[in-house]
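Residues per chain, in single letters:
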Amino acid sequence: MSPTTTPQRSDTPSTSAYAAVDAGTPRFARLRGSLQQLLAAASLIVIVVFFSFASSHFFTANNLISILTAATVTGILALGTTFVIITGGIDLSIGTVMVLCGVMAGVFLTYWGWPLWAGVAATIVFGGLIGLINGVNVSVLGIPPFIATLGMMLIAAGLSLVISGTKPIYFNETPEFQSIMNLSIIPGMRFPLGVLIFIVMIVIAAVLLSKTIVGRYTFSIGSNEAATALSGVNVRRWKIIIYTMAGLFVGLAGVLSASRLSSAQPTGGMGLELEAIAAVVIGGTSLQGGKGSIVGTVIGALIMAVLTNGLRIISVPQEWQSVAVGVVILVAVYLDMLRRRRAG
Amino acid sequence: MSAEASGTPPLLEVEGVSKGFPGVQALDDVRLDLRHGEVLALVGENGAGKSTLMKLLAGIYTPDAGVFRMNGRDLLLDGPRHAQEQGISIIHQEFNLMPDLTVAQNIFIGREERGAGIFLDDRALNRRAQDLFDRLGLALDPAEPVERLTVARQQMVEIAKALSFDAKVLIMDEPTAALNDAEVDVLFELIRRFRSPETGVIYISHRMEELARISDRITVLRDGRYIDTLVTAETDQRTVISLMVGRQLAGDDRPTGSAPAGEPVLSVRGLSTKRLLRDVSFDVHAGEILGFAGLMGAGRTEVARAIVGADRRDSGVISVRGREVQIQSPADAARLGIGYLSEDRKQLGVLLERSVRENIVLASLKDYLGALGFVRDRRIETTGREYVQKLRIKTPSTAQLVRNLSGGNQQKVVIAKWLAKDCDVLIFDEPTRGIDVGAKEEIYGLLRDLAGQGKAIVMISSELPEVLRLADRIAVMAEGRLTAVLDNAAATQENVMDYATRFSAEGTITR
Ligand SMILES: Nc1ncnc2c1ncn2[C@@H]1O[C@H](COP(=O)(O)OP(=O)(O)OP(=O)(O)O)[C@@H](O)[C@H]1O
Ligand SMILES: [Mg+2]
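Predicted model, so just to flag it, every value in this text is computed and none were measured.

So, about the overall build of chain A. Within chain A one finds 14 helices and two strands. Expressed as a percentage of its 344 residues, the buried residues of chain A come to 53%. Nonlocal contacts in chain A, meaning residues at least 24 apart in sequence, comprise 77% of its contacts between residues at least 6 apart.

What follows is the structure, given as structure tokens:
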């Protein structure tokens, strides 16, 4: 109840519904959502300014581009998983599935000799397929998302090794494959195609989340799943669609990371899901579901990338970088909770 | 209200409907008919099966047996969407909104305005919502997020949503439980406007005085069975109540209390908060029930929350048995023997996914620890069973999850929780919301007993008759101030209302 509520007499004329319902919430309340993003953006700027002063090597065109490049793969994973987290779910499999997708790209292009476009498309579809399985496990079989995707995380880690015979696959048949990530698109600068793809995906994800039916149901399910179902929305189907979509993003991330290394490395990937989730959470998306934004996720991914890069440039040892990122996550989430508590 | 012309089938017919849940026969061979243009009230005790019947009509549950007919044609209800498409709209007992979406997005969820392909056209959606509000005379902003609305406004959103379907049958499951009198007036106005020769309303409520105002006929359920249908104009509250509970209730004699002598158990001096409260002072003595009356927003709940430390106090001194105490949180309050039953059961009062007995002993779990800190399950079961019986909580066993209880029975569990804890001061905020008349009497009796045992009880209620019926003294609030403390003998509906509206005379009413 707003503090300015005026008591109502019970004999208020009833013909006007206006009188009975107390004064609405103040207008500025609506600005609060964008304020949160502003704060996240402000912290990013503070960190950037700090490193710029700390080292002259930080704020250079080349270094900024390498930060973006480093943010690309985790960022794309985070974009897809933002949808899943807003529904109130979680996807722990994205790291190892991304690796598995890279291996599959190797299978399609190198083992089977498919043309480049077909291999790339098939890899992305493969990622979608794994997402579909996750979605079915969660919404049809009713396995909690944490468990369902934990299982998939282990399955994918194992399959990568089995399929590749534990050895990296090189893209000897399609040398152009490495340009998907690395091709320089601005003459005289090292601006890679992969970063452009990342930017395009940001736009696509942002439009999907805020302007389309998928986005609307993503928020609705996370906000109150039972009520969404009672309103006649086929919640199961939409959850499957959302997990599948996140899988497509994972497929693309798999292509880009394999392309970046010019090879499919069958190991690793574990832990990447946590980095992606951290980016989402730093960006203000709630693990309880119902709240979140793509802009926030991008800012979160950039904060993580800037930190890693900046700490390295000012020669903080690797071990301490992890500590710093951990602290940032705790602080970011705590500040966000403080804001919410005050708002609520 | 005209009787159905002979030969015309009723708008909606329910025949021989049964529905069981594990351990509970919620409905047993129930029938009901809703005529064109009428408001049919559906009444019964907590757990009688009202909500279950409505969920069958809304396509949420499928019946074990029975048929539904609309205008004489058999109805097959396959899911909530399907029921809506056939013209049956429901406002559920529990809120069913998506707090993170806007008002318009909530109303049209599942029926979005599409631009091209998968793209949404929210501007068109907002226009459509605005049209709907204009038609209904509601002052809602389509673009406002629902989480920012008060409970009453959220209820209006629910109603607008139900009416946004081309509904023929509108079902309302306790729509007034969270509304104040003025808001109830608005609701009734909406119902009257909705009513037409093609439509009908099924109206569920525990507030008996509403039935005479809004309903044409009253159907009574008891223990999942159909009892009778009465014409409202030809019956009275007593008859309806005795059909509901199957026995006569004790008369409603008022307490003759006056301020008991002796030292107060709880005394509050100069309590103020930034938001609302201004210099509130009062005492509660052992053995007395102090009722708080006032309009919604007058600050009664805020007083309770400030006392137990759920909200920040700006100033004020609280003493227990004459000693000043520092209370920063409800946990501090509980340690000092002050229990607080909040008005918002779903959020603060009850663990839906835990059993009835666990909930009942939750606040007093300390008393159930044996050697080495193990929980003594047998004693918990005994206590659980004791309160299930005392409050007549309808449940197959104390191990049932609270989620599976009917709304009113969940409320009884919350009450039991505080009764089971041995507190010196008990503050009850709207304790009988959603509770049936029979059980209300039982709860009144229990509160009296507790007072008789020497406890001090504060009871906040929006139902004035309830306060008059139960409280020894009545504290009246208006705009964050205490405007009067009356002995029961000196209090009447009129003078309490007078004190409750002390400040609003200066034209603070909007429109
Ligand atoms: N999903 C469920 N699982 C098990 N039992 C249930 C379930 N839903 C309802 N019941 C039981 O069915 C009976 C009827 O419940 P219902 O909600 O229809 O009561 P009601 O008449 O609406 O009561 P109230 O006035 O308290 O809202 C109750 O005993 C309740 O515990
Ligand atoms: Mg009910």
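Another aspect to go through is the overall build of chain B. For chain B, the helix and strand inventory stands at 17 helices and 20 strands. Its C-alpha atoms give chain B principal-axis dimensions of about 70 × 55 × 50 Å. Long-range contacts, defined as pairs at least 24 residues apart, comprise 66% of the intrachain contacts of chain B with a sequence gap of at least 6. Distance between charge centres in chain B, computed from 65 positive and 74 negative side chains, equals 4 Å.

When the terminal C-alpha atoms of helix α11 (residues 235-261) of chain A are compared, their 39 Å separation across 27 residues agrees well with the 39 Å that a helix rising 1.5 Å per residue should span. Looking one or two places after α11(A), you find S262(A), whose phi comes out positive at around 55 degrees.

Residue and element names in this part refer to chain B. In the sheet, strand β1 (residues 12-21) pairs with strand β4 (residues 65-70) via five bridges, with the strands oriented antiparallel. Bridging across to β4, V14 finds its partner in F68. Taken together, β4 and the strand that follows it, strand β5 (residues 73-75), pair antiparallel across an intervening segment of two residues, in which N71 is found at a positive phi of about 45 degrees.

Residues and elements named next belong to chain B. The domain architecture assigned to chain B consists of domain 1 (12-245), domain 2 (263-337 + 424-505) and domain 3 (343-422). Computed from C-alpha atoms alone, the centre-to-centre distance between domain 1 and domain 2 is 34 Å. At the junction of the two partners, domain 1 supplies 15 residues and domain 2 supplies 10 residues. Buried area between domain 1 and domain 2, both sides added, is near 900 Å², and the carbon and sulfur share of it is 56%.

With that out of the way, let us pick up the sheet that holds β1(B). The strands making up a sheet associate through hydrogen bonds between their backbones, and the pairing can be parallel or antiparallel. All names here are of chain B. Taken in spatial order, the four strands make up an open sheet running β2-β1-β4-β5, and their pairing is antiparallel. On the outer flanks of this sheet lie β2 (24-34) and β5, each paired with one strand and no other. Between one strand and the next, the sheet's axes are offset by a mean angle of 30 degrees, whatever the strand orientation. Running over the sheet, helix α1 (residues 50-57) touches β1, β2 and β4 and is turned about 115 degrees from β1.

A separate point is the site of ligand 1. All names here are of chain B. In the vicinity of ligand 1 there are 23 residues, among which K50, S51, T52, S406 and G408 approach most closely. The separation between an oxygen atom of ligand 1 and a polar main-chain atom of A48 is 3.2 Å. When ligand 1 is considered free in solution it has 640 Å² of accessible area, and contact with the protein chains removes 92% of it. Looking at the shell around ligand 1, the elements that each hand over two or more residues are β2, α1 and α14 (407-420). Shared between two domains, the shell around ligand 1 takes at least three residues from each, and those domains are domain 1 (12-245) and domain 3 (343-422).

Turning next to empty space enclosed by the protein. Tallying each qualifying case throughout the model produces five cavities of 30 Å³ or more. Along the wall of the largest cavity there are 16 residues; nearest its centre are L230(A), Q84(B), I90(B), H92(B) and K161(B). At the level of elements, α2 (80-85), β6 (88-91) and α5 (151-164) of chain B are the ones that each hand at least two residues to the lining of the largest cavity. Taken as a whole, the second largest cavity encloses approximately 170 Å³ of empty space. Along the wall of the second largest cavity there are 19 residues; nearest its centre are A177(B), R207(B), R433(B), G434(B) and E463(B). Looking at the lining of the second largest cavity residue by residue, the class counts come to five nonpolar, seven polar and seven charged. No fewer than three residues from each of domain 1 (12-245) and domain 2 (263-337 + 424-505) of chain B sit in the lining of the second largest cavity.

All names here are of chain B. Residue D279 is not a glycine yet carries a positive backbone phi of 55 degrees. With respect to the helices and strands, the residue D279 is situated in the loop between β11 (264-272) and β12 (280-285). Judged by its relative accessible area of 55%, D279 is exposed. Notably, R392 is not glycine yet its phi reads approximately 50 degrees, a positive angle. Structurally, the position occupied by R392 is in the loop between α13 (377-390) and α14.

On to the sheet that holds strand β3 (residues 39-43) of chain B. Residues and elements named next belong to chain B. Across the sheet, six strands lie side by side as β6-β7-β8-β3-β9-β10; this open sheet has mixed pairing. Both edges of this open sheet fall to β6 and β10 (225-231), since each of them pairs with a single strand only. On average, each strand axis in the sheet is inclined to that of its neighbour by 20 degrees, with strand direction left out of account. Packed on one face of the sheet, helix α6 (residues 181-194) meets β3, β7 (169-173) and β8 (200-204) and runs near 150 degrees to β8. Sitting on the sheet, helix α8 (residues 237-245) touches β3, β9 (217-222) and β10, and the angle it makes with β9 is about 25 degrees.

Along the chain, K291(A) falls in the loop between α12 (272-282) and α13 (294-313). Take K291(A): its relative accessible area is 26%, and that puts it in the partly exposed class. In the structure, K291(A) is positioned 72 residues away from F219(A) in sequence and 6.9 Å away in space, judged by C-alpha atoms. Here D100(B) takes part through its side chain, which lies 2.6 Å from a polar atom of the side chain of K291(A).

All names here are of chain A. Space inside the second largest pocket adds up to approximately 890 Å³. In this structure, the second largest pocket is lined by 37 residues; those nearest its centre are A70, T74, R260, L272 and E275. Secondary structure elements with two or more residues in the lining of the second largest pocket: α3 (61-86), α4 (94-111), α11, β2 (263-264), α12, α13 and α14 (318-343). In terms of residue class, the lining of the second largest pocket is built from 18 nonpolar, 16 polar and three charged.

Counting residues in hydrophobic clusters, the biggest one holds 97 residues, and the most contacted among them are L79(A) and F177(A). Here this core gets 13 residues from one element, more than from any other, and that element is α11(A). Apart from residues lying up to four places away in sequence, F177(A) is in contact with A105(A), L109(A), L116(A), V120(A), F171(A), V255(A), A258(A) and S259(A). Core analysis: the next-biggest nonpolar cluster, separate from the first, contains 46 residues, V350(B), C423(B), I443(B) and L468(B) among them.

A separate point is the pattern of salt bridges. Residues and elements named next belong to chain B. Applying the stated criterion across every chain yields a total of 33 salt bridges over all chains. One salt bridge in this structure joins E381 and R385, with 2.5 Å as the shortest N-O distance. Highlighted residues: E381 and R385, both in helix α13, separated by four residues, approximately one helical turn. For E441, the salt bridge is made with R469, and the minimal N-O distance between the two is 2.7 Å. Here E441, found in helix α15 (residues 437-452), pairs with R469, found in helix α16 (residues 464-470); they are 28 residues apart in sequence, far enough to count as distant. Exposure remark for R469: the relative accessible area of 14% places this residue in the buried category. Residues participating in the shared-partner salt-bridge network are E13, E15, R69 and D74.

This part takes up the side chain of E174(B). Residue and element names in this part refer to chain B. Position of E174 relative to the elements: it lies in the loop between β7 and α6. Here E174 sits buried without a salt bridge, and the closest side chain of opposite charge, K50, lies 5.2 Å off (N-O distance). Here H206 takes part through its side chain, which lies 3.2 Å from a polar atom of the side chain of E174. For E174, the residues in contact, after removing those within four places along its chain, are Q93, I204, S205, H206 and G434.

Turning next to the packing of aromatic side chains. Evaluated as defined, the whole model comprises 10 aromatic pairs over all chains. Ring geometry for W112(A) against W114(A): centres 5.6 Å apart, planes inclined by 50 degrees, an arrangement best described as tilted. Judged by relative accessible area, which is 34%, W114(A) ranks as partly exposed. Taken together, a centroid distance of 5.1 Å and an interplanar angle of 75 degrees make the contact between F282(B) and F292(B) edge-to-face. Taken together, the residues F282(B) in strand β12 and F292(B) in strand β13 (residues 289-294) connect sequence positions 10 residues apart. When its relative accessible area of 6% is taken as the criterion, F282(B) is described as buried. By way of ring pairs, the aromatic residues F50(A), F51(A) and F58(A) are connected into one cluster.

Cut-off values and rules
- Residues numbered from 1 in each chain as written.
- Chains lettered and ligands numbered in written order.
- Predicted model: local features only at pLDDT ≥ 70, side-chain atom pairs only at ≥ 80, totals over all residues.
- Heavy atoms only, no water.
- Helix = DSSP H or I, 4+ residues; strand = E, 2+ residues; numbered from the N terminus.
- Buried < 20%, exposed > 50% of the residue type's maximum accessible area, 1.4 Å probe, protein only.
- Contact = heavy atoms within 4.5 Å.
- Lys, Arg positive; Asp, Glu negative; His and termini not counted.
- Charge placed at Lys NZ, Arg CZ, Asp CG, Glu CD.
- Expected span 1.5 Å × (residues − 1).
- Pairing = 2+ DSSP bridges.
- Domains from an automatic or database assignment.
- Buried area = accessible area lost by both parts, 1.4 Å probe.
- Axes fitted to C-alpha atoms, helices over the stretch in contact; angles between N-to-C directions.
- Near = heavy atom within 4 Å.
- Polar contact = N/O pair within 3.5 Å; in protein donor to acceptor, adjacent residues only side chain to side chain.
- Areas by Shrake-Rupley, 256 points an atom, 1.4 Å probe, with all protein chains shown as cover.
- 1 Å grid on protein atoms, 1.4 Å probe; cavity = no way out; pocket = protein on both sides within 12 Å on 5 of 7 lines; lining within 4 Å.
- Points joined across faces, edges and corners; volume = space filled by probe spheres on them.
- Nonpolar A, V, L, I, M, F, W, Y, C, P; charged D, E, K, R; others polar.
- Core = buried A, V, L, I, M, F, W, Y, C linked by side-chain atoms within 4.5 Å.
- Salt bridge = Lys/Arg side-chain N within 4 Å of Asp/Glu carboxyl O.
- Phe/Tyr/Trp six-rings, centres within 6.5 Å; stacked < 30°, edge-to-face > 60°.

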